[in-house]
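# Chain and residue survey
Here is what each chain is made of, one letter per residue.
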Amino acid sequence: MQAPRDRVIFHADMDAFYASVEQRDRPELRGRPIVVGGPPPRGVVSAASYEARRFGVRSAMPTAEALQRCRDLQVIAGNMKLYAHESRRIRRVFEEFSPQIEPISLDEAFLDVTASMRVLGGSKREIGQRLKDRVRAETDLCISVGIAPVKMVAKIASDLSKPDGLLVVEPEGCRDFLAPLPIRRLWGVGPVQEEKFLRQGIRSIGDLAAWNGATPGSEFMRS
């Protein structure tokens, strides 16, 4: 059985996927703040372009609030059939790098590249860059990649590297990488759970590890 620290896990996450597909296919939308989602008053943002995010617009926000934050915002109804088609193209690229793929949604997945490293050749960073280049060549879209020995750390790494990023966290660097990060960076910690932690004085992942009597990162080395 592979030791956790010897595993090589990629978290590959498309950047503002739905919005990026719309901007790729509609040149008049490039460089403009847009969201994909339903119209007000009951609509919700499914994806926001990075131009929109500069105004504080984000996914799961009511469209009405998004329009208040950004008066020039353009709301696109979206095309799930198109996004699913693009997702399948991206999945085929992933299969070039590993047969062990764990999709999370249309626009992100974990790839266990451990057994493929020798065949692929090169360092983790080089393989990660090749993955990014292949997705770009195939779809003309950007993807961010986090690489770590476990899924939790790989996902945090890809989140922190956005947009169009690549971040490698080596096994011996997991502790220093995780410890200073705010507790909300943990997968599954939403606003309610975060507030509970804050009331107990737990503000960072390092605080949580100390509270549990663990080394920062060690409790995630099995994920």
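We now turn to the structure provided with this report. Each residue is numbered by its place in its chain's sequence as written, counting from 1. In keeping with the model being predicted, local features are shown solely for residues with a pLDDT of at least 70 and side-chain atom pairs are shown and tallied solely at 80 or more, while totals for entire chains, interfaces and linings include all residues. The side-chain values count all of the structure's non-hydrogen atoms but skip hydrogen atoms and water molecules.

### Some details on the pattern of salt bridges
This is how it is decided: A side-chain nitrogen of Lys or Arg and a carboxyl oxygen of Asp or Glu constitute a salt bridge if their distance falls within 4 Å. Secondary structure elements follow DSSP: runs of H or I no shorter than four residues count as helices, runs of E no shorter than two count as strands, and numbering proceeds from the N terminus. Burial classes: relative accessible area under 20% of the type maximum marks a residue as buried, over 50% as exposed, and values in between as partly exposed (1.4 Å probe, protein chains only).
Tallied over the entire structure, the rule returns 18 salt bridges. In this structure, the salt-bridge partner of Arg24 is Glu86, at a minimum N-O distance of 2.9 Å. Here Glu86 lies in helix H4 (residues 80-95) and Arg24 lies in helix H1 (residues 17-25), a separation of 62 residues in the sequence. For the pair Arg24 and Glu86, one class covers both residues: buried. Salt-bridge contacts for Arg199 lead to Glu195; the nearest nitrogen and oxygen are separated by 3.9 Å. You can see Arg199 and its partner Glu195 sitting in helix H9 (residues 191-199), four residues apart, about one turn around the helix. According to the relative accessible area criterion, Arg199 is exposed, its value standing at 60%. Taken together, the shared-partner salt bridges connect Arg24, Asp25, Glu86, Arg89 and Glu138 into one network.

### Focus: the environment of Asp140
For clarity, the cut-off: Throughout, a contact is declared for two residues whenever any of their heavy atoms are within 4.5 Å.
For Asp140, the location among the structural elements is in the loop between helix H6 (124-139) and strand S7 (143-148). Judged by its relative accessible area of 49%, Asp140 is partly exposed. Those residues in contact with Asp140, other than ones at most four positions away along the chain, are Arg24 and Val135.

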